[in-house]
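Report on the structure
The residues making up each chain are set out below.
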Amino acid sequence: MRIGVMIGPEKGDSARKLERMLRDIEWAESAGLDMAWIPQVPNDFDALITIAAMGLRTSRIELGTAVVPLQAQHPVALARQALSAQAAAGGRLALGVGPSHHWIVRDMLGLPYDRPAAYTRDYLDVLNTALRGPGPVDVENETFTVHNPLELGPVAPVPVLVAALGPVMLRIAGERTDGTVLWMADERAIAEHIAPKITKAAADAGRPAPRIVAGLPVCLCARSEIDEAKARANRILGEAEVSPNYQRLLEQGDSRDIGDLCLAGDEETIAAGLRRYTEAGATDLSVRLLPIGDTRDELIASKRRTRDTIARLATELR
């Protein structure tokens, strides 16, 4: 079981936030966590630039994006940025990408959101070629006609993982990438929907078994505080439920909302929940630390208690 944490989704003053994230990644590495995942939030720091900065402050921990929306930039531009971040991180980047959601691509960016799976497939043709550089990127498909010289090469292979929720995207992820990065997938959805489909696609394509990165909120708390934690998860993370992609994924499992997915309770309860995800087929766990409390100091103390618990469990369950 590989356990990591999400760093960066919390709101904060931009002038101070980068230094806070750098302190968080230094803690994650010193605590022995396997990885950290940096969400690409529409209104926040660029995830790959953040990873480049984190790479210069760490030496061991894997650094992943979860996830970069594909439509926001040309695949050659994304490859160039990823190769640069990979160099800064000394070969520790895991590039999580995805076709995002209509409310980000169409409503926020004003870009088409037609046939996202087909677009992802064509995008990966270009991206995967560019990431294998240096050399010419010559790809022609239904979406792209690219003939671009690229002198950059990877200091180490760049694993690519795709946010794949439905059957077509899972097939594309298995056939063309190193795995998938998930959100809103509970244990049953992974065991009965995600893992079988992506694993079969990878095997049929002659590729290694894929990574399945399950993202979920976690809160260390007393039994009497569990309902509070789940309610807070729904309040601050529930916007994801407006997406049809996530709604369809929830239908594959037993959870109705992100509150149901939240692992809340004592250390034993959290450990048992993490084991269930591994038994379901998740290879990696990306923990969204979910603090509770009425004041800033209470929230900070709650977050630190949860992250210390995750660090202990990462060692015990490895």
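Note that the structure is predicted; figures quoted are calculated from it, not measured. (Residues numbered from 1 in each chain as written. Predicted model: local features only at pLDDT ≥ 70, side-chain atom pairs only at ≥ 80, totals over all residues. Heavy atoms only, no water.)

1. Section: the overall build of the protein chain
The helix and strand tally for the protein chain stands at 12 helices and 12 strands. Judged by the C-alpha coordinates and their principal axes, the protein chain covers about 60 × 40 × 40 Å. Looking at the 318 residues of the protein chain, the share that counts as buried comes to 54%. Sequence-distant contacts in the protein chain: of pairs separated by 6 or more residues, those separated by 24 or more amount to 72%. Working note: accessible area of the protein chain is about 14,000 Å², and carbon and sulfur atoms make up 50% of it. Distance between charge centroids for the protein chain: 2 Å, based on 37 positive and 43 negative side chains. (Helix = DSSP H or I, 4+ residues; strand = E, 2+ residues; numbered from the N terminus. Buried < 20%, exposed > 50% of the residue type's maximum accessible area, 1.4 Å probe, protein only. Contact = heavy atoms within 4.5 Å. Areas by Shrake-Rupley, 256 points an atom, 1.4 Å probe, with all protein chains shown as cover. Lys, Arg positive; Asp, Glu negative; His and termini not counted. Charge placed at Lys NZ, Arg CZ, Asp CG, Glu CD.)

2. Brief notes about the packing of helix H3 (residues 75–88) against helix H5 (residues 116–131)
Put simply, H3 and H5 touch, their axes get as near as 9 Å, and they point 35 degrees apart. Considering only the axes of H3 and H5, their crossing is right-handed. Across the interface between the two elements, Pro75, Val76, Leu78, Ala79, Ala82 and Leu83 of H3 pack against Tyr123, Val126, Leu127, Ala130 and Leu131 of H5. Here the residues of the contact of H3 with H5 sort into 11 nonpolar, no polar and no charged. (Axes fitted to C-alpha atoms, helices over the stretch in contact; angles between N-to-C directions. Left-handed = near helix turned anticlockwise from the far one by under 90°. Nonpolar A, V, L, I, M, F, W, Y, C, P; charged D, E, K, R; others polar.)

3. Describing helix H1 (residues 14–30)
Residues spaced three or four apart along an α-helix point in a common direction, a consequence of the helix completing one turn every 3.6 residues. In a regular helix each residue adds 1.5 Å, so 17 residues correspond to 24 Å; H1 covers 25 Å between its end C-alpha atoms and thus fits that length. Residues of H1 that are buried: Lys17, Met21, Leu22, Asp24, Ile25, Trp27, Ala28 and Glu29. Where H1 is buried, its residues contact strand E1 (2–6), strand E2 (35–38), helix H2 (47–55), strand E3 (62–65) and helix H12 (296–317). Positive backbone phi, at 85 degrees, marks Gly32, one or two positions downstream of H1. (Expected span 1.5 Å × (residues − 1).)

4. Re the nonpolar core
Ranked by size, the top nonpolar core spans 96 residues in total, and within it Leu95, Leu127, Leu131, Ile190 and Ile310 carry the most contacts. Examining the composition of this core, we find that eight residues originate from one element, H5, more than from any other. If sequence neighbours within four positions are ignored, Leu127 has contacts with Pro75, Leu78, Ala79, Leu95 and Val160. Counting residues in hydrophobic clusters, the runner-up holds eight residues, among them Trp37, Val67, Ala163 and Val181. (Core = buried A, V, L, I, M, F, W, Y, C linked by side-chain atoms within 4.5 Å.)

The values reported here are purely geometric and, on their own, carry no functional implication.
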